[in-house]
Amino acid sequence: MKYQTTAIHGGRQDDSGKGAVNYPLYLSSTFVQDDVEHFKEFVYSRGANPTRASVEKLAADLEGAKYGLAYATGMAATANVFDLLDKGDKVLLNNNVYGGTWRFVSNLFEKRGIQYEVVDSLNDYDFDRIGEDVKLIFVETPSNPLLEITDIRKIAEEAKKHGILVAVDNTFMTSYFQRPLELGADLVVYSATKYYAGHSDLLAGLVVLNDDALYAKLKFFQNTTGGVLSPFDSFLLARGIKTLGVRLDRHQYNARRIAEYLENHDAAERVFYPGLKSNPGYELHKKQASGDGGVLSFLFREEGYDLQAFVNSLKLFGFTVSLGGVESLICKPATMTHESYERELQEKIGIRQNLLRLAIGIEDAGDLLEDLEQALRKAKR
Ligand SMILES: Cc1ncc(COP(=O)(O)O)c(C=O)c1O
């Protein structure tokens, strides 16, 4: 089955005998058992719930994987992956990951006795000098917010030689455009709040993987720490996934047009979008992903234009965090999504005060371009 067919026909099928085309919503925290000795598949919803199990299977089916786990948020999913680490372990990360991931690493790792190293370019990392304490490489590609590209296949090959796990935050691409497990990664993490859910109406996280032992550990952590996706949100998430491919094609069509428009506009000092030839990771990204997605960032030229006037003049782009919903949004990473990075580190890695991130929705591309145009006209000094 091709992707968009799996999105609609994958997951668990209705097992209630009623023939519902959608998997039923089981709003039940607990399930009565009929035998004192033998328990059924579902006992208590923190451990497993049928509606959650349905969307977990759907997430796995989408990338031909064995297992999926659904969490209350993307951060709960990432946190459970970090639960795999023990005291004394070390983690490598690329240098611009989502601010919430960075908040976790920079605030909680030390307390847990876990070391970390932020690597400017994992693509050039010298694996011959890697320490035995490195147990996980956490990669976000394209990265948030600078859309930098990391070579998943190369990192996974090197990691395997050293017995290191590779986890990829695939939120920006989704399994529609990029399939890290097929490139050799061990774990894929998603903020399913974004494209999977797609309508800015719920928070969700996913982990997708193939390894039986890793799955058993994560399932144990999921039940133990309790950050599970509710049945209702599982139902909504499955509904969002049905249109994922269709929506992403449109997000991408719009994003490409806007990236090209901005690249030719004086108000943009530089545009960051994986689908632009000017992006340093353009060729590499093309090798490992089948699309470029709907997020782009650009450096706003403040000498000629007033940033505040520009943002305030936009009518269709909501000024707020998040991405992946049907509506277009704009944010300033330095003070919003990536405020957890110290100012100095922001400067070092390129999250400048004039960097704006656009999450392109699925509105009419012409209307979005017109909106940008009129706002830039008003913002011209
Ligand atoms: C790339 C990426 N990973 C993880 C997360 C965290 O997801 P959530 O907000 O669902 O906890 C986000 C949220 O913006 C994100 O952009």
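Please read these numbers as outputs of a predicted model, since none were measured by experiment.

Trainee: Hey, could you run me through the domain arrangement of the chain in this one?
Mentor: Interface size, as often reported, equals the accessible area lost upon joining of the parts. Taken domain by domain, the chain holds domain 1 (3–241) and domain 2 (245–379). With 38 residues of domain 1 at the contact, the number on the domain 2 side is 43 residues. Both faces combined, the contact of domain 1 with domain 2 buries some 3200 Å², and carbon together with sulfur accounts for 58% of it. Our count for the domain 1 to domain 2 interface comes out at two salt bridges. Of the charged contacts in the structure, one is a salt bridge between Asp120 and Lys348, with a shortest N-O distance of 3.8 Å. The tally of links between domain 1 and domain 2 comes to 21 residue pairs in polar contact (both at pLDDT 80 or more). Of all the secondary-structure elements, those providing two or more residues to the side of domain 1 that touches domain 2 are α4 (99–108), α5 (152–161), α6 (174–177) and α8 (231–241). Ranked by residue count, the leading element in the side of domain 1 that touches domain 2 is α4, at four residues. Taken together, the residues that form the side of domain 1 that touches domain 2 break down as 18 nonpolar, 15 polar and five charged.

Trainee: What am I meant to see in the side chain of Asn254 here?
Mentor: Among the structural elements, Asn254 can be located in helix α9 (residues 244–263). A polar side-chain atom of Asn254 sits 2.8 Å from the main-chain carbonyl oxygen of Glu363. The residues touching Asn254, leaving out its near neighbours within four places in the chain, are Ile360, Gly361, Ile362, Glu363, Ala365 and Leu368.

Trainee: How should the sheet that holds strand β5 (residues 165–169) be read in this particular structure?
Mentor: Judged by pairing direction, the sheet is mixed, and its seven strands sit side by side in the order β1-β7-β6-β5-β4-β2-β3 without closing on themselves. Either end of the sheet is taken by a strand with one partner, and the two such strands are β1 (67–71) and β3 (115–119). Averaged over all adjacent pairs, the angle separating strand axes in this sheet is 20 degrees, with direction ignored. One ladder, built from three bridges, connects β5 with strand β6 (residues 187–191); its direction is parallel. Bridging across to β6, Asp169 finds its partner in Val189.

Trainee: Explanation requested: the sheet that holds strand β9 (residues 295–300) in the structure shown.
Mentor: Within a beta sheet, neighbouring strands are joined by backbone hydrogen bonds and run either parallel or antiparallel to one another. What the five strands build is an open sheet, ordered β8-β9-β12-β11-β10; its pairing is mixed. Either end of the sheet is taken by a strand with one partner, and the two such strands are β8 (268–272) and β10 (318–319). Bridge count between β9 and strand β12 (residues 355–359): five bridges; the pairing is antiparallel. Its bridge partner being in β12, Ser297 is matched across the sheet by Arg357. Where α9 meets the sheet, it contacts β8, β9 and β12, and its direction lies at approximately 15 degrees from that of β9.

Parameters and conventions
- Residues numbered from 1 in each chain as written.
- Predicted model: local features only at pLDDT ≥ 70, side-chain atom pairs only at ≥ 80, totals over all residues.
- Heavy atoms only, no water.
- Domains from an automatic or database assignment.
- Contact = heavy atoms within 4.5 Å.
- Buried area = accessible area lost by both parts, 1.4 Å probe.
- Salt bridge = Lys/Arg side-chain N within 4 Å of Asp/Glu carboxyl O.
- Polar contact = N/O pair within 3.5 Å; in protein donor to acceptor, adjacent residues only side chain to side chain.
- Helix = DSSP H or I, 4+ residues; strand = E, 2+ residues; numbered from the N terminus.
- Nonpolar A, V, L, I, M, F, W, Y, C, P; charged D, E, K, R; others polar.
- Pairing = 2+ DSSP bridges.
- Axes fitted to C-alpha atoms, helices over the stretch in contact; angles between N-to-C directions.

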